[in-house]
Amino acid sequence: MKGVKNLAIFGGKPVRTEELPPHITTDDDEIEAVVEVMKKGRLSLFEGSFSPDPPFSFNGGPYVQRLEREWEKYYGVKHAIAVNSATSGLYAAIGASGTGPGDEVIVSPYTMTASATCAVIYNAVPVFADIREDIFCLDAQAVENAITPYTKAIVVIHLFGHPADIDPIMELARKHDLYVIEDCAQVHGAHYKGKYVGTIGDIGVFSLNCNKTIQTGEGGIITTNNDELANRIRLIRNHGEVVVGSMGLADIANTFGWNYRMTEIEAAIGAVQLKKLKKFNKQRTELAAYLTKGISDIDFLIPPVVRENCDHVYYVYPLRYLEEVAGVPRNVFAAALNAEGIPFYEGYVKPLYLLPMYQQKIAYRGGCPFKCSNYKGNASYEKGLCPTAERMHYKEIMTTEICRYPLTKADMDDIINAIHKVADHMGVLKERKDTIKGSNVW
Ligand SMILES: *Cc1c(COP(=O)(O)O)cnc(C)c1O
């Protein structure tokens, strides 16, 4: 048996002591763009009405509109609409679909919380359908099983940078007359069967928060090829109730608005970032491929799957840990790896239905939307509802956000070395596993 003393968790020298560099995607190009806006001094030019007071506009100032036109060109989509976050974007998307009290929205539980609260904000009920174990995205069969007479929309999350298998879900949606909203927060620039994700469903929503592949600090972009949906999204973005009268809009439901407006500064940064997307994705893909190759000999780790006709753009690098093969619990392996200076987390996010809002069925006072008198359905949030998502989260998945700019292959070498080092000491870890209680799964 290899020496106990070698492993950092037992006092040995860690593979890496230097912190990994932070994810900073901006440089002088963005500084220049911001200075240009600041010199003009017009930090936003949105106005919450159609009143002609140029350069103020209902659709925002020149930098916001330029970012939108460039996004449309890049993705080959009819409408791109800038908002102040992907959360706002998802809310606007569900609002535009006309979803409301009594409706259900099918969504994966393994995602950032706003993928489901977009239903709740419109007093609709999220219905969670299970994920596929290869790519951690919605399983079409589970979606089909979750469809009820109350279903209005499906939120498809392209998780970790890999496209969901969306074609069979689109087929179901067309058959049952449902809206499909793609949550593209993690999947900028990836393709599914030759098409950009975010251009396949009725609406796509991208995030530009500071952790995403490209960013504006906070921000988001909504994409759609549907003129009516685009119109409704623009109303929701900017106090639509003020203008629907003068527009003569027939169906005004859900068009009352919020302030989801992006500033000119963020838009200027976004336009520069979009030009760097291909470069960032190339780097992520190369680092991930290098890491995957470097650990391919380890039988208890399943590297990320890339399905045929799909790009993986590795917002997150997910590994599946096979405890039965490893002989050591996941928390012990993760703790040993973390001690070597490598940030790998157990799981990702708790399956959403296990959060108090769903467990107690209370969003609004009185229990709406779950106990709303308009709601005739019977959505369940019991533990065990989505067994694959629970197994992935509590037993198998390990995630890290290290395959990204500005990390290099030298950083990947540290990760590969650390994984091999721990893998070489599984005997001693097994023997001492009871001394390692910690777990960072939540
Ligand atoms: C980041 C993220 C969001 C929310 O993005 P914000 O811009 O922070 O609101 C939504 N969905 C997924 C899958 C995300 O990763």
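Residues numbered from 1 in each chain as written. Predicted model: local features only at pLDDT ≥ 70, side-chain atom pairs only at ≥ 80, totals over all residues. Heavy atoms only, no water.

Draft legend 1. A look at the site of the ligand. Lining the immediate surroundings of the ligand are 14 residues, of which Thr87, Asp183, Gln186, Ser207 and Lys212 lie closest. In the model, an oxygen atom of the ligand is placed 2.7 Å from a nitrogen or oxygen of the Ser207 side chain. When the free accessible area of the ligand is taken as 380 Å², the share hidden by the protein chains comes to 93%. Residues belonging to the shell around the ligand are distributed by class as follows: 4 nonpolar, 8 polar and 2 charged. (Near = heavy atom within 4 Å. Polar contact = N/O pair within 3.5 Å; in protein donor to acceptor, adjacent residues only side chain to side chain. Areas by Shrake-Rupley, 256 points an atom, 1.4 Å probe, with all protein chains shown as cover. Nonpolar A, V, L, I, M, F, W, Y, C, P; charged D, E, K, R; others polar.)

Draft legend 2. Molecular detail of the packing of aromatic side chains. In this structure the tally under the stated criterion is 25 aromatic pairs. Between Phe128 and Tyr353, the aromatic rings sit 5.8 Å apart at their centres with planes inclined by 50 degrees, giving tilted as the arrangement. With a gap of 225 residues between them, Phe128 in strand E3 (residues 125-128) and Tyr353 in the loop between strand E12 (345-346) and helix H12 (356-359) connect regions that are remote in the sequence. In textbook terms, an aromatic cluster arises when at least three aromatic residues are bridged by ring pairs, as seen for Trp71, Tyr74, Tyr75, Tyr196 and Phe206. The ring of Phe10 has Arg432 lying over it, and the distance from NZ or CZ to the ring centre is 4.9 Å. (Phe/Tyr/Trp six-rings, centres within 6.5 Å; stacked < 30°, edge-to-face > 60°. Helix = DSSP H or I, 4+ residues; strand = E, 2+ residues; numbered from the N terminus. Lys NZ or Arg CZ within 6 Å of the ring centre and 35° of its normal.)

Draft legend 3. Geometry of the pattern of salt bridges. With the rule as written, the count across this model stands at 28 salt bridges. A salt bridge links Lys276 to Glu30; the shortest N-O distance between them is 3.0 Å. You can see Lys276 sitting in helix H9 (residues 264-294) and its partner Glu30 sitting in helix H1 (residues 28-40), a full 246 residues away along the chain. Here Lys276 matches Glu30 in class, with each residue buried. Note that Glu286 is salt-bridged to Lys282, the shortest N-O span being 3.2 Å. With Glu286 and Lys282 both in helix H9 and 4 residues apart, this pair spans about one turn of that helix. Counted as one network, the salt bridges with shared partners bring together Asp27, Asp29, Glu30 and Lys276. (Salt bridge = Lys/Arg side-chain N within 4 Å of Asp/Glu carboxyl O. Buried < 20%, exposed > 50% of the residue type's maximum accessible area, 1.4 Å probe, protein only.)

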